[in-house]
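Fold and geometry: a report
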Amino acid sequence: MIELAIIGGTGLTTLNNLEIKHREVMRTPYGEPSAPLVHGKLCHQDVVFLPRHGHGHTIPPHMVNYRANLWALREVGVRNVISVAAVGGIRADMLPGRLAIPDQIIDYTWSRRHTYFESELSHVTHIDFTRPYSEALRQLLIDSARQLKLQIIEGGTYAATQGPRLETAAEIDRLERDGCSIVGMTGMPEAALARELEMGYAHCAVIANLAAGRGAGEISMDDIENNLVTGMEQVRCLLETAIPKLDSASCTL
Ligand code: HPA
C-alpha cells in the first residue's frame, strides 16, 4: 500500500533522490492524469511522484486535470498528498526564496472541474472544508523545517487564482484585503478534491516572486525561475527530512 504522494509544480518536475521503481500510465473515469505516476522509494518510504504540469511542463494551471490526478493517486493507494507549488508573496514577510505552509485557502478560480459529486448521486454531499489542510501533515512539514532551521512561514491564507496570467496590482490589493498572504494558480480545486477522496493534503508553497504591485516594476520570469531554484532545493531537503518521520497512522485529513 502506497501512503504518500508528492505532486510537484513548476520547478519540481523530478525528485532527484527518488529511487524510481516503475512508471504507471493511468486512466480514470475523469480522463488521464498529467503524466504517468512515478513509483519509487525516497528515504526508504514508498512514494508516488506526479508532476502537475506534465513531464515537459506543458499543462498550464487552468488546464490541469485535477480530478484525474487525485483519482489516479487514490486508486494506487495514496492516503496523503504533499503538494508543492510556486506562489507570489502578498504579505510583507512572504519574501522570495522562502517556504510557507498555509493553513487556509480562498478560491478565486472559475470553470474548473472542481468536484467528483456531479452525477448519479444518491444524495447531495457537502464535505467539511473548515480546515482545508491536514494539520498532521502540516505539522510534519513545520517540525522538519524547524529541525533544518529553514526560513519557513508557518501558516497563511493561499489565494487560488485562475491564471495563466499573473494578477493586476489592484487584484493583489483586493486579495490582501480579503486576508490572503500568498497567491498561486494550482491550489484549488486540488485541495478540495483530495478532501472529497478522504486523503490528507498539505501544501508547501515556494515563494517565487513578490506579487503584482508589491515589488518595483514588472514580474520577470527570470527572477521567478532563479528564486525557484533556491526554493526547490530547500523543498527537497524538507521532504527528505519529513518523509522518514511519516507515521501513516497519524497522518490523514
Ligand atoms: N501569482 C499567481 N501565481 C503565481 C505567482 C503569482 O504572483 N507566482 C508564482 N505563481
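My aim in this report is to walk through the structure given alongside it, one point at a time. All figures in this text were calculated on a predicted structure; none of them were measured in a lab.

Overview of the packing of aromatic side chains
Centre-to-centre distance and the angle between the planes together describe a pair of aromatic rings. With the rule as written, the count across this model stands at four aromatic pairs. Judged by centre distance (5.1 Å) and plane angle (65°), the ring pair of Y30 and Y116 falls under edge-to-face. Linking Y30 in the loop between β2 (19-24) and β3 (37-42) with Y116 in the loop between β7 (104-107) and α2 (135-148), this pair joins segments that are 86 residues apart in sequence. Seen from their ring centres, Y133 and Y201 are 6.2 Å apart, and the 15° between their planes marks the pair as stacked. Separated by 68 residues along the polypeptide, Y133 in the loop between β7 and α2 and Y201 in strand β11 (residues 200-210) bring together distant segments of the chain. Each member of the pair, Y133 together with Y201, is buried. Aromatic ring contacts, followed pair by pair, group Y30, W71 and Y116 into a single cluster.

What about the nonpolar core?
L37, L70, L73, V78, V81 and I182 are the most contacted members of the largest nonpolar core, which totals 35 residues. Contributions of two or more residues to this core are made by β1 (4-8), β4 (45-51), α1 (66-75), β5 (80-89), β9 (157-160), α4 (190-196) and β11. The residues contacting I182, other than those within four sequence positions of it, are V87, G88, G89, I90, M94, A100, P102, T157, Y158, A159, A205 and I207.

Regarding the side chain of S83
You can see S83 is positioned in strand β5. For S83, a relative accessible area of 0% puts it in the buried group. Here H203 takes part through its side chain, which lies 2.9 Å from a polar atom of the side chain of S83. Not counting residues up to four positions away in its chain, the partners in contact with S83 are I7, R52, E190, Y201, A202, H203 and C204.

Topic: the environment of I152
With respect to the helices and strands, I152 occurs in strand β8 (residues 152-153). If we skip the residues at most four places from it in the chain, I152 touches L99, A100, I101, A145 and L238.

Here's the deal with unusual backbone geometry
Here G163 and P164 are connected by a cis peptide whose omega angle stands at 0°. Along the chain, the position of P164 falls in the loop between β9 and α3 (169-177). Unlike most non-glycine residues, H44 shows phi in positive territory, near 65°. Note on placement: H44 falls in the loop between β3 and β4. Using a relative accessible area of 76% as the deciding quantity, one classes H44 as exposed.

Topic: the pattern of salt bridges
Summed over the entire model, instances satisfying the criterion amount to 14 salt bridges. For R165, the salt bridge goes to E171, with nearest N and O atoms at 2.9 Å.

Thoughts on the site of the ligand
Every residue near the ligand is listed here: A86, V87, G88, L166, E167, V183, G184, M185 and N209. G88 places a main-chain nitrogen or oxygen 3.4 Å from a nitrogen atom of the ligand. Between a nitrogen atom of the ligand and a side-chain N or O atom of E167, the distance comes to 2.8 Å. With the chains in place, 93% of the 260 Å² that the ligand exposes on its own is no longer accessible. If you list the elements that add at least two residues to the shell around the ligand, you get β5 and β10 (182-184). Sort the elements by how many residues they give to the shell around the ligand and β5 lands first, with three residues. Taken together, the residues of the shell around the ligand sort by class into five nonpolar, three polar and one charged.

Focus on the environment of H126
You can see H126 is positioned in the loop between β7 and α2. The spacing of H126 and E196 is 70 residues in sequence and 9.0 Å in space, taken between C-alpha atoms.

Details of the pairing of β5
On a regular strand, one side chain projects to one face of the sheet and the next to the other, so that they alternate. With nine of its 10 residues buried, β5 lies for the most part within the structure. Pairing analysis gives four bridges linking β1 to β5, with the strands arranged parallel. Opposite I7, over in β5, you have S83 as the bridge partner. Sheet analysis places β5 next to β11, joined by 10 bridges and oriented parallel. Bridge pairing in β11 links V84 to C204. Relative to β10, β5 is paired through two bridges, and the arrangement is antiparallel. Bridge pairing links G89 to I182 in β10.

Cut-offs used in this document
Residues numbered from 1 in each chain as written. Predicted model: local features only at pLDDT ≥ 70, side-chain atom pairs only at ≥ 80, totals over all residues. Heavy atoms only, no water. Phe/Tyr/Trp six-rings, centres within 6.5 Å; stacked < 30°, edge-to-face > 60°. Helix = DSSP H or I, 4+ residues; strand = E, 2+ residues; numbered from the N terminus. Buried < 20%, exposed > 50% of the residue type's maximum accessible area, 1.4 Å probe, protein only. Core = buried A, V, L, I, M, F, W, Y, C linked by side-chain atoms within 4.5 Å. Contact = heavy atoms within 4.5 Å. Polar contact = N/O pair within 3.5 Å; in protein donor to acceptor, adjacent residues only side chain to side chain. Salt bridge = Lys/Arg side-chain N within 4 Å of Asp/Glu carboxyl O. Near = heavy atom within 4 Å. Areas by Shrake-Rupley, 256 points an atom, 1.4 Å probe, with all protein chains shown as cover. Nonpolar A, V, L, I, M, F, W, Y, C, P; charged D, E, K, R; others polar. Pairing = 2+ DSSP bridges.

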